Amino acid sequence: MEQGKVIKNYNSFYYVQDATGLVTCKLRGRFKKDRCKVVTGDEVGFSRLEDQSGVIETLLPRRNLLRRPSVANIDQVIVTFAAAEPDPHPLLVNRFLVLAEWSEIPEIVLCLNKADLVDSAGRQAALAAYGEIGYRVIVTSTKNGEGIDALREQLKNRVSVFAGPSGAGKSSLLNALDPALDLRTGEISSKIKRGRHTTRLAQLLPLAGGGFIVDTPGFSSFELEKIEPLRLAGYFPEFRPFLTGCRYRGCTHSHEPDCLVKQAVAEGQIQAVRYDAYLNILQEIAERKREYT
Ligand SMILES: Nc1nc2c(ncn2[C@@H]2O[C@H](COP(=O)(O)OP(=O)(O)OP(=O)(O)O)[C@@H](O)[C@H]2O)c(=O)[nH]1
Ligand SMILES: [Mg+2]
Ligand SMILES: [Zn+2]
């Protein structure tokens, strides 16, 4: 049996990349009744038919899985946001960060794009805020080329997903990295995006220098309701040192007295904007839970 990576899934066809090239595969029947879904990014074993097409026989264990779009085995997420136009929306950026942490993506990098639109004070503020948490921040501009080489280096030989608000410049960045990708840009209207022609087709696009990237549509809202409320704080890396030692076991770090997280916020060790994002998501999760139970 041969082995390869699913780079695209369209209707019932799976395009599997192996060392020799791209093989068009179908699924062995038993996958269908197992309700075991093969998604883009999966490593699979397949057998070859006479016409050189393939049949997927086995699904190898996944390292992680991102939902919407469904992509497996991601090495890193590049959370992209604009320094201006649209103005950065910290809650939205923080939601993307939580989504990536929850999905167990090994590396999370921020990309501050449209640096050409702000002065150095504007970019320093954004850099400091996220750098303090411990995330790497790459500052880019597709208009003057700043940071494109650094980004290309970060992507080399890895599977990277670009996520972030609509209009941040994700597709533009990918085109700047590799003009052969020729992705569509500038469509900010979300109405168009939800139209019937817009399949949320997640595709691994090979990069010229090695590696794959996934461009995602800039959804402005997504649900984090599957997160366990008591686990949420752990998805904020800078909260972790404060998570053991609150007075109450099962402290949600919201209303309880003698809470080390709240104390860290008061002392400036945790940024207020991050704590606000935490409370906001916590409330959303709690409401959903009530609806379902
Ligand atoms: N000034 C400036 N404009 C940029 C930059 N990068 C992209 N843009 C512009 O921002 C707009 C949106 O860019 P896209 O690449 O389509 O943004 P996106 O993140 O892919 O958006 P969605 O696909 O809707 O999620 C386009 O008009 C781009 O020309 C940049 O570095 N500086
Ligand atoms: Mg785009
Ligand atoms: Zn607490």
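Draft legend 1. View of the overall build of the protein. For the protein, the helix and strand inventory stands at eight helices and 13 strands. Here the C-alpha coordinates of the protein stretch approximately 70 × 50 × 35 Å along the principal axes. Here the protein holds 293 residues, and 47% of them are scored as buried. Sequence separation of at least 24 residues holds for 65% of the intrachain contacts in the protein that already meet a minimum separation of 6. Surface summary for the protein: the accessible area is close to 15400 Å², and the carbon and sulfur share equals 50%. Distance between charge centres in the protein, computed from 39 positive and 35 negative side chains, equals 6 Å.

Draft legend 2. Up close: the sheet that holds strand E10 (residues 136–139). Reading across from one edge, E10-E9-E8-E11-E13-E12 is the order of the six strands in this open sheet, with mixed pairing throughout. Sheet topology places E10 and strand E12 (205–206) at the edges, where each strand pairs with a single neighbour. As judged from the seven bridges shared by strand E8 (residues 76–82) and strand E9 (residues 107–113), these two strands associate in the parallel manner. Looking at E9, one finds that Val77 is bridged to Ile108. Contacts from helix H3 (residues 120–133) reach E8, E9 and E10 within the one sheet, and its direction differs from that of E10 by about 160 degrees.

Draft legend 3. Region of the structure containing the side chain of Ser103. Its location among the elements puts Ser103 in the loop between helix H2 (90–102) and E9. On the basis of relative accessible area, Ser103 is assigned to the buried category, the value being 10%. A polar contact is formed between the side chain of Ser103 and the backbone oxygen of Leu99, at a distance of 2.7 Å. Discounting chain neighbours no more than four positions away, the residues touching Ser103 are Asn64, Leu65 and Leu66.

Draft legend 4. Spatial organisation of the domain arrangement of the protein. Split by domain assignment, the protein resolves into domain 1 (2–59), domain 2 (65–215) and domain 3 (229–292). On a C-alpha basis, the centroid separation for the pair domain 2 and domain 3 is 27 Å. Across the contact, 12 residues belong to domain 2 and 13 residues belong to domain 3. Between domain 2 and domain 3, the buried area comes to about 1100 Å², and carbon and sulfur atoms account for 60% of it. Sorting the residues of domain 2 by area buried against domain 3 places Arg95, Val98 and Ile133 first, and these three jointly supply 40% of that buried surface. For the interface between domain 2 and domain 3, the tally reads two salt bridges. A salt bridge links Glu284 to Arg95; the nearest nitrogen and oxygen atoms lie 2.8 Å apart. Here domain 2 is connected to domain 3 by five residue pairs in polar contact (both at pLDDT 80 or more). Those elements that provide at least two residues to the side of domain 2 that touches domain 3 are H2 and H3. If you tally residues by element for the side of domain 2 that touches domain 3, the top one is H2, at eight residues.

Draft legend 5. Representation of the sheet that holds strand E3 (residues 21–27). Read around the closed barrel, five strands run E1-E2-E3-E5-E4, paired in mixed fashion. Neighbour to neighbour, the strand axes of the sheet diverge by 55 degrees on average, direction disregarded. Inspection of the sheet shows strand E1 (residues 2–10) paired to strand E2 (residues 13–18) by five bridges, in the antiparallel sense. Along E2, the bridge assignment pairs Lys8 with Tyr15.

Draft legend 6. Inspection of the pairing of E8 at higher detail. Buried residues dominate E8, accounting for seven of its seven residues. Taking every second residue as pointing to the same face, both faces of E8 are buried, with Gln76, Ile78, Thr80 and Ala82 on one and Val77, Val79 and Phe81 on the other. Across four bridges, the pairing between E8 and strand E11 (residues 159–163) is parallel. Looking at E11, one finds that Gln76 is bridged to Ser160.

Draft legend 7. Structural view of the coordination of the zinc ion (ligand 3). Donor atoms from the polypeptide that coordinate the zinc ion (ligand 3) comprise Cys246 (SG), Cys251 (SG), His253 (ND1) and Cys259 (SG), at 2.1 to 2.4 Å from the metal. Binding-site remark: the zinc ion (ligand 3) is held by donors from one chain whose sequence spacing is C-x4-C-x1-H-x5-C. Taken together, the residues Cys246 in the loop between strand E13 (212–215) and helix H7 (260–266) and Cys259 in the loop between E13 and H7 connect sequence positions 13 residues apart. On the basis of relative accessibility, which here comes to 12%, the residue Cys246 falls in the buried class.

Draft legend 8. Representation of the pattern of salt bridges in the model. This structure, assessed with the given rule, holds 13 salt bridges. Of the charged contacts in the structure, one is a salt bridge between Arg152 and Asp149, with a shortest N-O distance of 2.8 Å. Note that Arg152 and Asp149 are positioned in helix H4 (residues 148–155) at a spacing of three residues, about one turn of the helix. Owing to a relative accessible area of 36%, Arg152 belongs among the partly exposed residues under this scheme. A relative accessible area of 56% means that Asp149 is categorised as exposed. One salt bridge in this structure joins Asp258 and Arg247, with 2.8 Å as the shortest N-O distance.

Rules behind the numbers
Residues numbered from 1 in each chain as written. Chains lettered and ligands numbered in written order. Predicted model: local features only at pLDDT ≥ 70, side-chain atom pairs only at ≥ 80, totals over all residues. Heavy atoms only, no water. Helix = DSSP H or I, 4+ residues; strand = E, 2+ residues; numbered from the N terminus. Buried < 20%, exposed > 50% of the residue type's maximum accessible area, 1.4 Å probe, protein only. Contact = heavy atoms within 4.5 Å. Areas by Shrake-Rupley, 256 points an atom, 1.4 Å probe, with all protein chains shown as cover. Lys, Arg positive; Asp, Glu negative; His and termini not counted. Charge placed at Lys NZ, Arg CZ, Asp CG, Glu CD. Pairing = 2+ DSSP bridges. Axes fitted to C-alpha atoms, helices over the stretch in contact; angles between N-to-C directions. Polar contact = N/O pair within 3.5 Å; in protein donor to acceptor, adjacent residues only side chain to side chain. Domains from an automatic or database assignment. Buried area = accessible area lost by both parts, 1.4 Å probe. Salt bridge = Lys/Arg side-chain N within 4 Å of Asp/Glu carboxyl O. Donors = N, O, S within 2.8 Å, 3.2 Å for Na, K, Ca; no water.

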